[in-house]
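Secondary and tertiary structure notes
Given next are the chains, with one letter for each unit.
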Amino acid sequence: MEMGNQHPSMIRLQEIMKEVKDLSSQVVSFSGLQTDKDYCKLERALTRQLFEIDSVDTENKGDIQRAKRGATHEVQSLLEILQQNVNHPSRVEIERVYLEAQNLVAQEVTPLRGGGGTISDEFVDGIQDVILRLTQIRTGGKVHLRKARYRALTRVCAVQDIIESCMKQQALSLPLSNNTHGSVTKINSIMVEVNKSRGDFIALLMGLNNGDSCGRLSRVLTGFLVELDAMDVSGNTEVRNYRKQVVEEVNGLLKHLDLEGEGDATCRYDLAQNDSIQKIEQIRHTVAQLRGHLLTIEKANELHFKHKAELQGLLTRLDEVSTARNPCIREARRRAVLEVQAVITYIDLIEALRKRAGDTCMEEHPSHKAVWNVLGSLSELQRQVLVFEGKRADKNYKLLEELLTKQLLALDAVDPQGDEMSKIARKQAVKFAQNILSYLDMETDEWEY
């Protein structure tokens, strides 16, 4: 039916639903919290559309009544989706981990904002732990969760980059003595201000300084670059290098100032078509093929150089994959590396066991022999782990976990009796068993990009 011949109430409902459609995409991708301004804005806009729909007079016409009910249902569904987005368990977990990062930063950033203080190893380890836990939060492919996880990660990773730069500066024993050159006093004073700006920027990134802005910091840092560029340090290599280091410090902060809109671009958090991810997936496919072939091989000589060389080559290719400062790509690459290394260690152990079995004249300490017996059992368990494709709720998963734990207990029961080789062998075997458990855990944690 042409719009000109439609009932005015039906035309009004179509106009309302056009506005609702525009709101729909915002609701689906909303990644914030219930306390955010954008949440309140969306909720009010949808509620307003409900009132608009309710005000439409159907004049008891069946087609208009059905259209009105459909429009009401669609808006109510969007309100439910919006509510579900902010209350989703993974979204709550993202916020919980991010709040831990905020608390870590709040404790460490005050001395930096005063122009002094040093970065503690505990802080560095804490930030790294937060990053790892954020990357492992499951999103189930949901856009709003991917977006929320990515936005949190970009900020924490930026803090990590800044503190690593700060620690390098601590190692350089800056600044120079004011007596070195006439410009050093000014460079030193700028370096103090850069350190303060670093603290301000970390606080801003983590939402601890809402009164500041990236724009103001950008202007301040750019002003430092202008001042440094205007200094005459010709003829003094030491001072020129010092100025260069300070310029690099400023540029290192400036590169993170584009985070205001970071995460809004779909290509950054929805990685299915990302070139680096596709390269990683191609390598993982090759690893799966090699793994499947290796697990069907019976002759030891077939396990030697060819497959290990291919796997080592895959590690090189993974090392060349660009992460583009994207923590999710970095995690995908890390996991792929572990998959390759698991197959390599399997080959190494099988080769070692078969070589040992062929050496009938070898005499060894009883404790050393006991460790090798456990390693023989672990090789078979690793084979089963490498082919396992189930979930953590599966009986086979629980059985494998139990058997591996038993092998760890068996190693713990081995008494080296003072034999140094037995001590070393037991320690290596324990690490090997723990690595198999970690691999099983990684392969069943349902992580996705």
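Just so we're clear, the structure is a prediction, and the values are computed from it rather than from any experiment.

Considerations on the overall build of the chain
Along its length, the chain carries 16 helices and zero strands. The buried share of the chain, reckoned over its 449 residues, is 41%. Counting only contacts in the chain whose residues sit at least 6 apart along the sequence, the fraction spanning at least 24 positions is 76%. A total accessible area of about 24,100 Å² is found for the chain, and carbon and sulfur atoms account for 49% of it.

Quick word on the packing of helix α1 (residues 8-29) against helix α3 (residues 62-87)
A pair of packed helices is characterised by two quantities: the angle between their axes and the separation of those axes. Interaxial distance between α1 and α3 falls to 11 Å at its minimum, and their mutual angle equals 15°. Between α1 and α3, the crossing angle belongs to the class labelled roughly parallel. Where α1 crosses over α3, the two elements pack in a sense that is left-handed. Mapping the contact onto sequence places S9, M10, L13, M17, V20, S24, V27 and V28 in α1 and D63, I64, A67, K68, A71, E74, V75, L78, I81, L82 and N85 in α3.

Overview of unusual backbone geometry
One non-glycine residue with positive phi stands out, namely N60, at about 60°. Counting through the fold element by element, N60 comes out in the loop between α2 (37-54) and α3. A residue is classified by how much of its surface remains accessible, and N60, at 69% relative accessible area, is exposed. A positive phi angle, close to 55°, is found at Q417, a residue other than glycine.

Points about helix α7 (residues 184-205)
Taking 1.5 Å per residue, 22 residues should reach 32 Å; α7 reaches 31 Å between its end C-alpha atoms and fits that length. Burial analysis of α7 places 16 of its 22 residues in the buried class, the great majority of the element. Phi for G207, located one or two positions after α7, is positive at around 75°.

Section: the nonpolar core
In this structure, L134, V156, V159, F201 and L311 are the most contacted members of the largest nonpolar core, which totals 70 residues. Here F201 is in contact with I162, C214, L217, L253, H256 and L257, once residues within four sequence places are set aside. In terms of nonpolar packing, the next biggest core, distinct from the first, is built from 28 residues, L295, Y346, L386 and L404 among them.

Points about the side chain of R335
Mapped onto the fold, R335 is located in helix α13 (residues 327-358). Apart from the residues within four sequence positions on either side, R335 is in contact with M442, D445 and W447.

Things to note about the pattern of salt bridges
Evaluation of the coordinates by the stated rule reveals 19 salt bridges. When the shortest N-O distance is used, the salt bridge between E339 and R284 registers 2.9 Å. With a gap of 55 residues between them, E339 in helix α13 and R284 in helix α11 (residues 275-294) connect regions that are remote in the sequence. Under the relative-accessibility criterion, R284 is labelled partly exposed at 30%. Each of E93, R96, E100, D129 and R133 takes part in a single network of salt bridges with overlapping partners.

Focus on the packing of aromatic side chains
Tallying each qualifying case throughout the model produces two aromatic pairs. With centroids separated by 6.0 Å and ring planes inclined at 50°, the aromatic side chains of F30 and Y39 adopt a geometry described as tilted. Both residues of the pair, F30 and Y39, count as buried. With 6.3 Å between their ring centres and 40° between their planes, F388 and Y397 make a pair best called tilted. With respect to burial, F388 and Y397 carry one shared label: buried.

Describing the packing of helix α15 (residues 395-413) against helix α16 (residues 420-443)
It is the contact of α15 with α16, at a shortest axis distance of 10 Å, that shows an interaxial angle of 165°. For the element pair α15 / α16, the angle class is roughly antiparallel. Of the two possible hands of crossing, α15 and α16 adopt the one that is left-handed. Mapping the contact onto sequence places Y397, L400, E401, L404, L408, L411 and D412 in α15 and R426, A429, V430, A433, Q434, I436, L437, L440 and D441 in α16. Along the lines of polarity and charge, the residues of the contact of α15 with α16 split into 11 nonpolar, one polar and four charged.

Describing the environment of S31
Checked against the element boundaries, S31 lands in the loop between α1 and α2. Classification of S31 as buried rests on a relative accessible area of 12%. Through-space distance from the C-alpha of S31 to that of K147 is 6.0 Å; in sequence the pair is 116 residues apart. Among all residues touching S31, those that are not within four sequence positions of it are R91, H144, K147, A148 and R151.

Observations regarding α2
Here α2 spans 26 Å end to end across 18 residues, near enough to the 26 Å set by a 1.5 Å rise per residue. Listed as buried for α2 are Y39, L42, A45, L46, Q49 and I53. Buried residues of α2, seen end-on, are gathered within an arc of 135° and therefore sit on one face of the element. For α2, the exposed residues set more than 90 degrees away from the buried face come down to K37, K41, R44, F51 and D54.

Some remarks on the environment of S377
By the secondary structure assignment, S377 is in helix α14 (residues 366-387). Separated by 27 residues in the primary sequence, S377 and L404 have C-alpha atoms spaced 9.1 Å apart.

Rules used throughout
- Residues numbered from 1 in each chain as written.
- Predicted model: local features only at pLDDT ≥ 70, side-chain atom pairs only at ≥ 80, totals over all residues.
- Heavy atoms only, no water.
- Helix = DSSP H or I, 4+ residues; strand = E, 2+ residues; numbered from the N terminus.
- Buried < 20%, exposed > 50% of the residue type's maximum accessible area, 1.4 Å probe, protein only.
- Contact = heavy atoms within 4.5 Å.
- Areas by Shrake-Rupley, 256 points an atom, 1.4 Å probe, with all protein chains shown as cover.
- Axes fitted to C-alpha atoms, helices over the stretch in contact; angles between N-to-C directions.
- Parallel < 35°, antiparallel > 145°, perpendicular 65-115°, else oblique.
- Left-handed = near helix turned anticlockwise from the far one by under 90°.
- Expected span 1.5 Å × (residues − 1).
- Core = buried A, V, L, I, M, F, W, Y, C linked by side-chain atoms within 4.5 Å.
- Salt bridge = Lys/Arg side-chain N within 4 Å of Asp/Glu carboxyl O.
- Phe/Tyr/Trp six-rings, centres within 6.5 Å; stacked < 30°, edge-to-face > 60°.
- Nonpolar A, V, L, I, M, F, W, Y, C, P; charged D, E, K, R; others polar.
- Arc of directions from axis to C-beta.

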